[in-house]
Amino acid sequence: MALGARSRNGPRRWPWSRRASGGPAASADPAVEAATPAHDAMPPLDPRTALRLRAEASVVDLDDALRASVDELAWARRQLGDTTATSFDPALTGAGAALAGAMTALDAARAVPDTEEEAELLTATLAECRTGAHLLDEAVPELDALRDLRHAVAALRPELVPELARADARATEASGRVTALGDRWPPGGLAGAQLHLHRAHQGLAFAGACMAVLERGPTATVAAHGAGLVRLVEASLTQVDRLLDQVERAPGALELAERASDALLAQARVDRAEAERLGVEPGRTWHFADDTVEWALGEISSQQFDPVTMRRALEESESALHAALTEVRTPDAARRRAEALLPTAAETAGALLHAAEVLVRTRCGAVGVEARIRLAEAHRLFEAGRRLEDPEAGLDLLQRADRLAEQAATLAQQDEASHRDSRRREMAGWDSARETAILLGALVPLGASGWAAVRFGGPGTRTRLHCVLPSDLAPA
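Keep in mind that this is a model prediction, so the values were computed, not measured.

What counts as what
- Residues numbered from 1 in each chain as written.
- Predicted model: local features only at pLDDT ≥ 70, side-chain atom pairs only at ≥ 80, totals over all residues.
- Heavy atoms only, no water.
- 1 Å grid on protein atoms, 1.4 Å probe; cavity = no way out; pocket = protein on both sides within 12 Å on 5 of 7 lines; lining within 4 Å.
- Points joined across faces, edges and corners; volume = space filled by probe spheres on them.
- Helix = DSSP H or I, 4+ residues; strand = E, 2+ residues; numbered from the N terminus.
- Phe/Tyr/Trp six-rings, centres within 6.5 Å; stacked < 30°, edge-to-face > 60°.
- Buried < 20%, exposed > 50% of the residue type's maximum accessible area, 1.4 Å probe, protein only.
- Lys NZ or Arg CZ within 6 Å of the ring centre and 35° of its normal.
- Contact = heavy atoms within 4.5 Å.
- Axes fitted to C-alpha atoms, helices over the stretch in contact; angles between N-to-C directions.
- Parallel < 35°, antiparallel > 145°, perpendicular 65-115°, else oblique.
- Left-handed = near helix turned anticlockwise from the far one by under 90°.
- Nonpolar A, V, L, I, M, F, W, Y, C, P; charged D, E, K, R; others polar.
- Pairing = 2+ DSSP bridges.
- Core = buried A, V, L, I, M, F, W, Y, C linked by side-chain atoms within 4.5 Å.
- pLDDT = per-residue confidence, 0-100.
- Salt bridge = Lys/Arg side-chain N within 4 Å of Asp/Glu carboxyl O.

As for empty space enclosed by the protein
In the structure shown here, the tally under the stated rule is one cavity of 30 Å³ or more. Estimates place the volume of the largest cavity at around 60 Å³. Forming the boundary of the largest cavity are Ala260, Leu264, Arg311, Glu315, Leu341, Thr344, Ala345, Thr348 and Gln399. Of all elements in the fold, only helix 8 (219-277), helix 10 (307-325) and helix 11 (331-362) reach the threshold of two or more residues within the lining of the largest cavity.

Digging into the packing of aromatic side chains
Note on aromatic pairs: each is described by the distance of the centres and the angle between the planes. Applying the stated criterion to the full structure yields one aromatic pair. Pairing Phe88 with Phe456 gives two aromatic rings, centres 6.0 Å apart and planes at 65 degrees, and the pair type is edge-to-face. Note that Phe88 is positioned in the loop between helix 3 (82-85) and helix 4 (89-110) and Phe456 in the loop between strand 2 (451-453) and strand 3 (465-467), a separation of 368 residues in sequence. Judged by relative accessible area, which is 1%, Phe88 ranks as buried. In this arrangement the basic side chain of Arg78 is found over the ring face of Trp75, its NZ or CZ atom lying 4.1 Å from the centre.

What about the side chain of Gln202?
Counting through the fold element by element, Gln202 comes out in helix 7 (residues 187-216). For Gln202, a relative accessible area of 13% gives the class buried. Those residues in contact with Gln202 that lie beyond four places of it in its chain are Ser432, Ala433 and Thr436.

A short note on unusual backbone geometry
Positive phi, normally seen in glycine, also occurs at Asp114, with a value near 60 degrees. Locating Asp114 in the fold gives a position in the loop between helix 4 and helix 5 (116-147). Since its relative accessible area comes to 62%, Asp114 is described here as exposed. Positive phi, close to 45 degrees, is recorded for Asp148, a residue that is not glycine.

Some thoughts on the packing of helix 8 against helix 10
Viewed as axis vectors pointing N to C, helix 8 and helix 10 meet at an angle of 25 degrees, and their least axial separation amounts to 9 Å. Relative to helix 10, the element helix 8 is oriented roughly parallel. Crossing geometry of helix 8 relative to helix 10 is assigned as left-handed. On the side of helix 8, the interface is formed by Leu254, Ala257, Glu258, Ala260, Ser261, Leu264, Leu265, Gln267, Ala268, Asp271, Arg272 and Ala275, while helix 10 contributes Pro307, Val308, Met310, Arg311, Leu314, Glu315, Glu318, Leu321, His322 and Leu325. Residue composition of the contact of helix 8 with helix 10, grouped by class: 13 nonpolar, three polar and six charged.

Side note on the sheet that holds strand 2
If you trace the three strands from one edge of the open sheet to the other, you get 1-2-3, paired in antiparallel fashion. Of all the strands in the sheet, just strand 1 (443-445) and strand 3 have a single pairing partner and so form its edges. Each strand of the sheet is rotated relative to its neighbour by a mean of 45 degrees, with strand direction disregarded. Where strand 2 meets strand 3, three bridges bridge the pair, whose relative direction is antiparallel. Along strand 3, the bridge assignment pairs Ala453 with Leu465. The strands that helix 8 touches are strand 1, strand 2 and strand 3; relative to strand 3, the one it contacts most, it runs at about 95 degrees.

Here's the deal with the nonpolar core
Membership of the largest hydrophobic core comes to 44 residues, with the highest contact counts inside it found for Leu214, Leu232 and Leu443. Every element with two or more residues in this core is listed here: helix 6 (149-181), helix 7, helix 8, helix 14 (432-440), strand 2 and strand 3. The leading source of residues in this core is helix 8, at twelve residues. Setting aside its immediate chain neighbours within four residues, Leu214 contacts Val153, Arg157, Val222, Gly226, Leu229, Val230 and Val233. If you look at the next biggest cluster of nonpolar residues, it comprises 31 residues, including Ala65, Leu126, Val140 and Val369.

Points about the environment of Phe305
Considering the arrangement of structural elements, one finds Phe305 in the loop between helix 9 (284-302) and helix 10. Spatially, the C-alpha atom of Phe305 lies 9.8 Å from that of Glu258, the residues being 47 residues apart in sequence.

Things to note about the confidence of the model for the protein
In the predicted model, the protein carries a mean pLDDT of 87, and the fraction of residues at 70 or more is 89%. Contacts of residues 1-39 to residues separated by more than four positions or lying in other chains number 54 contacts, the stretch itself having pLDDT below 50.

Some words on the pattern of salt bridges
Once their charged atoms are close, side chains differing in charge can pair, the charge on each being opposite to the other. Enumeration over the complete set of coordinates arrives at 48 salt bridges. Between Arg329 and Glu274 there is a salt bridge, with the nearest N and O atoms lying 3.0 Å from each other. Taken together, the residues span a long stretch of sequence, with Arg329 in the loop between helix 10 and helix 11 and Glu274 in helix 8 at a distance of 55 residues. No difference in accessibility class separates Arg329 from Glu274, as the two residues are buried. Here Arg400 ties to Asp396 by a salt bridge, and the two come within 3.7 Å at their closest N and O atoms. One end of the pair, Arg400, and the other, Asp396, are both in helix 13 (residues 391-426), four residues apart, so they sit about a helical turn from each other. Arg400 sits in the partly exposed class, given a relative accessible area of 34%. It is possible to trace a salt-bridge network through shared partners that takes in Glu72, Asp144, Arg147, Arg231, Glu234, Arg455 and Arg464.

Printed below as a string of structure tokens:
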């Protein structure tokens with residue numbers, strides 16, 4: 001029977017919709033969810049659980065501190081020049097290595113729960129995080145002395161005005177581009193770009209409010225709070241640029257997914273024909289593949305389909321076909337399959353990895369440890385897959401990296417939604433621009449102590465620059 005030829009009653013639907021819930025992109029580990037009691041019945045934490053939570057929180061804190069340090073150093077290069085700023089690179093490199101070691105140890109600890117080895121690995125995680133934090137903290141006094149934000153406001157303020165105008169113009173152009181793309185792709189394919197664009201506009205609104213105080217606020221207000229406002233503008237613009245960069249990448253990512261879908265469709269036909277030639281008995285795998293291809297062809301003919309969703313469905317069904325043929329197909333046939341799929345697999349995995357990275361980085365005020373660990377592992381597998389000369393092994397690693405990146409992105413989105421819902425319940429007055437600044441990591445809540453503008457430094461020093469919200473410093 002030809003691939004895609006099975007008749008179907010009723011409208012086509014993606015065969016994945018019949019699968020059990022959860023799957024590779026499930027929002028959280030069920031074991032973790034089951035082990036997390038409701039807040040109204042929270043028992044005292046046992047020492048092992050407390051150690052685990054400390055290790056996870058330390059990884060998140062160091063990851064945020066390192067990202068903030070990298071971002072501020074980019075602004076410091078503009079102010080101080082490359083030669084001076086480069087002296088801080090070893091601290092970032094060392095902290096990055098410590099963070100990688102912490103994530104590796106934490107991930108290994110999860111494989112041996114409730115053992116002495118787990119405790120040792122969690123302790124090693126904390127030690128790596130302390131090392132990374134120390135390396136960043138050591139560089140703080142020198143950077144503060146060189147940047148001296150409290151006395152550099154007058155010099156930095158004029159440079160931020162065109163930067164804000166540039167970002168605003170870029171956002172306007174991106175809005176028009178996304179609107180125009182709606183004629184080619186359905187809303188589902190553009191949902192991520194639209195949300196990034198929305199966050200970018202909110203980040204710009206917050207940066208603009210800070211800039212208004214810097215430009216038109218009373219002299220005493222600017223003198224007292226200008227350093228914090230400058231950093232809020234800098235950090236917000238960094239994240240806005242990151243969001244807009246991903247919006248601008250959206251058409252290319254969708255086109256990559258289309259090319260990958262074409263390659264997967266072609267390979268599915270090859271696999272199906274080979275199965276018939278080898279006399280493999282039809283089964284559920286074949287029906288699943290037939291249904292998927294029929295659905296894909298129907299979607300393509302409609303001219304309004306989400307290529308990312310289609311690629312994932314086709315990859316699942318084609319992989320199932322390949323698994324069923326593994327024992328009967330020749331090594332040469334398996335190699336040809338890998339060589340046919342490898343180019344688009346590398347492209348789409350790289351695009352999805354970048355998209356997941358942007359999600360985690362621009363939602364750092366909300367994203368938890370799980371998304372970060374999966375993202376780090378996806379990076380590792382992706383780089384390893386690109387280096388392998390064996391096409392089959394390389395394809396396997398790239399596809400695993402692709403799935404982990406998808407999981408990281410899904411988890412980041414879920415963390416963002418949970419964070420937003422929690423903040424709405426806690427905050428008496430909802431301020432979208434302020435909440436976006438928190439989500440982007442530019443503004444850090446300090447509880448009763450107020451707010452901090454994020455800075456270069458370890459988890460304990462990156463919040464040293466206390467600030468006041470621009471809404472509380474509105475110019476007269």
